[in-house]
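Descriptive structure summary
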Amino acid sequence: MARRCTSCANRHRHPKAASRASHHLDQQDPPRKQHPPTSPTKSAGSGHTDTPGRFNMLSLESSYAALRETAGVYSRGTDVIAIRGAERAELASKLMAKSIEFVSSNTCVDSLVLNADGSVAGTVLVIHTDDDYIVVVDADAAWIDSAREVAAEFDAELVSTGQRAIAVEGPRSWEVVDPFFGDEDIADLLLNEANEIDHDGVTGIIARVGTTAEFGYLLITDATNALDRIRTEAESVDGGEIDPAVLGRVRAETNFPVLPEQAADATVLEAGIAWLISMERDDEFVGSSVLEVAAPVRRTVAALIDGDCPAAGTDVFDGETKVGRVQVATERAGQETGLALLLLDDPYGVPGLELTVDGRTARTVSRPCIAPKSWATQIGVR
């Protein structure tokens with residue numbers, strides 16, 4: 001039998017987890033498809049990767065430090081679309097796996113989006129404004145095409161806004177976006193709330209959301225200089241534009257889905273991402289057959305591994321017995337141990353076990369398996 005490792009199960013749980021930001025703990029807690037820069041070059045001794053223009057992309061190690069210690073900037077999603085028309089609410093509800101029935105104006109919610117057969121197509125962030133639904137899509141173009149086909153059944157339409165979604169996450173992320181609030185108090189914007197902004201040439205929407213269990217904000221705008229301004233502010237607090245390859249690590253640490261890998265050849269219950277679906281829904285939506293998925297016989301659990309993370313698909317053993325595989329391999333990003341998401345047969349999918357993968361010890365842990373600095377930080381207090 002696998003040896004119980006009680007210190008691993010306990011020492012990584014933050015002592016205030018029960019009272020802090022419950023949404024981070026509910027999440028069978030995204031990265032989404034990553035888009036690394038084209039042909040980067042390293043700056044000697046700088047900790048940065050040079051990209052054309054004024055700004056440098058941080059190295060993996062510096063990217064991790066920015067997200068966990070200061071502020072990291074990245075572009076979120078593959079497209080920003082608006083759902084408009086008389087039946088916009090009905091269409092939005094049809095497309096989202098998570099119910100938006102009680103999503104009030106100027107608030108937002110994360111949801112899975114599914115294919116017709118119930119398989120996972122990606123994730124979206126849905127922002128309910130007074131006039132429409134703004135959707136930050138993190139799925140491939142095929143999903144948007146199929147969504148437009150669904151829209152033909154409604155008195156509503158999907159329109160690409162031409163905007164970009166700029167994410168800022170980290171304990172000092174609020175300092176980065178604070179200048180865009182003008183005279184407004186940034187501390188007044190609550191988790192999962194969204195406000196329209198029009199300040200100093202930048203118009204759009206700022207939402208307080210994130211994927212790393214740290215403070216997070218999302219600026220949706222078509223202002224051409226917004227990204228440069230955000231990166232400048234991030235560098236002023238010792239952060240900057242991150243390498244998106246690090247997102248797998250930080251999201252896996254805190255239970256936000258790492259897609260598409262986490263859902264590969266696994267049901268949403270086995271993958272631990274059903275928190276992004278309203279499994280109690282009684283109305284029809286795209287992919288609603290997912291509600292009939294069988295009870296899981298495998299479960300996804302995080303594991304700390306000595307050295308770099310083995311590749312996805314690597315077998316996991318308890319002694320001589322194969323008990324699962326590496327489902328998601330993440331970048332080490334300068335940390336003491338590798339971190340993987342393992343898909344393990346019952347009853348192994350629990351924290352506190354010591355297993356073997358690629359000849360090394362894998363210690364299963366509860367999540368979040370780090371103590372987010374933001375949980376001990378107050379927005380608005382410098």
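Our subject is the structure listed above.
Rules used in this analysis
Residues numbered from 1 in each chain as written. Predicted model: local features only at pLDDT ≥ 70, side-chain atom pairs only at ≥ 80, totals over all residues. Heavy atoms only, no water. Patch = residues over 30% accessible without salt bridge, like charges linked within 9 Å, V, L, I, M, F, W, Y side chains within 5 Å. Areas by Shrake-Rupley, 256 points an atom, 1.4 Å probe, with all protein chains shown as cover. Salt bridge = Lys/Arg side-chain N within 4 Å of Asp/Glu carboxyl O. Lys, Arg positive; Asp, Glu negative; His and termini not counted. Charge placed at Lys NZ, Arg CZ, Asp CG, Glu CD. Helix = DSSP H or I, 4+ residues; strand = E, 2+ residues; numbered from the N terminus. Buried < 20%, exposed > 50% of the residue type's maximum accessible area, 1.4 Å probe, protein only. Pairing = 2+ DSSP bridges. Axes fitted to C-alpha atoms, helices over the stretch in contact; angles between N-to-C directions. Contact = heavy atoms within 4.5 Å.

1. Some details on a negative patch on the surface
Among the surface-exposed residues, Asp183, Glu184, Asp185 and Asp188 lie close enough to one another that they form a single negatively charged patch. Along the polypeptide, Glu184 turns up in the loop between α6 (173–177) and β12 (194–199).

2. A word on the pattern of salt bridges
This model, assessed by the stated rule, comprises 21 salt bridges. Across the pair Asp358 and Arg360 runs a salt bridge whose closest N-O atoms are separated by 3.0 Å. Overall, the relative accessible area of 22% leaves Arg360 in the partly exposed class.

3. Notes on the pairing of strand β7 (residues 107–114)
The side chains of a regular strand alternate between both faces of the sheet. β7 sits mainly inside the fold: eight of its eight residues count as buried. The two faces of β7 match: Thr107, Val109, Ser111 and Val113 on one face and Cys108, Asp110, Leu112 and Leu114 on the other face are all buried. Sheet topology places β7 next to strand β8 (residues 120–128); eight bridges connect them, and they run antiparallel. Considered in β8, the bridge of Ser111 is made with Val124. Here β7 hands over to β8 after five residues, with Gly118 in that stretch at a positive phi of 90°.

4. Remarks on the sheet that holds strand β9 (residues 133–139)
Here we have five strands laid out as an open sheet, ordered β7-β8-β9-β6-β10, and antiparallel in their pairing. The sheet is open, and its two borders are formed by β7 and β10 (157–160), each paired with just one other strand. Across this sheet, the average inter-strand angle for adjacent strands is 30°, counted without regard to direction. Its contacts with the sheet put helix α4 (residues 88–95) on β6 (79–84), β7, β9 and β10, and the angle it makes with β6 is roughly 135°.

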